[in-house]
Amino acid sequence: MWTTLALRLALLIAGLGLVLRLGLPVAPVDAPFRAVLKAYAAPDPSAAAPSNTAETSAP
């Protein structure tokens, strides 16, 4: 009985997720969001001076 209930609940949740995914438009990425991603992005390793102690260097 619990297995059947769990399967029905899983199918209901999956169906609701699919309906929401297909029914609601995906918001486009705007310029401020791209700026935040760029600010938190990992620095380009080729731009910095090579060092063998990068993990112990001051940021």
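Look up: the structure comes first, before these words.
Residues numbered from 1 in each chain as written. Predicted model: local features only at pLDDT ≥ 70, side-chain atom pairs only at ≥ 80, totals over all residues. Heavy atoms only, no water.

Asker: Before we move on, could you go through the overall build of the chain and cite the residues and values that matter?
Answerer: In terms of helices and strands, the chain carries two helices and zero strands. When the 59 residues of the chain are sorted by exposure, 0% land in the buried category. (Helix = DSSP H or I, 4+ residues; strand = E, 2+ residues; numbered from the N terminus. Buried < 20%, exposed > 50% of the residue type's maximum accessible area, 1.4 Å probe, protein only.)

Asker: Requested: an account of a nonpolar patch on the surface, with residues and values cited.
Answerer: On the surface, Leu9, Leu12 and Ile13 cluster together into a nonpolar patch covering about 320 Å² of accessible area. On the secondary structure map, Ile13 appears in helix H1 (residues 2-23). (Patch = residues over 30% accessible without salt bridge, like charges linked within 9 Å, V, L, I, M, F, W, Y side chains within 5 Å. Areas by Shrake-Rupley, 256 points an atom, 1.4 Å probe, with all protein chains shown as cover. Salt bridge = Lys/Arg side-chain N within 4 Å of Asp/Glu carboxyl O.)

Asker: Explain H1 to me, using residue names and the numbers behind them.
Answerer: Spanning 22 residues, H1 covers 31 Å between terminal C-alpha atoms, matching the ideal 32 Å at 1.5 Å per step. Within H1, only zero of the 22 residues are buried, leaving the element largely exposed. (Expected span 1.5 Å × (residues − 1).)

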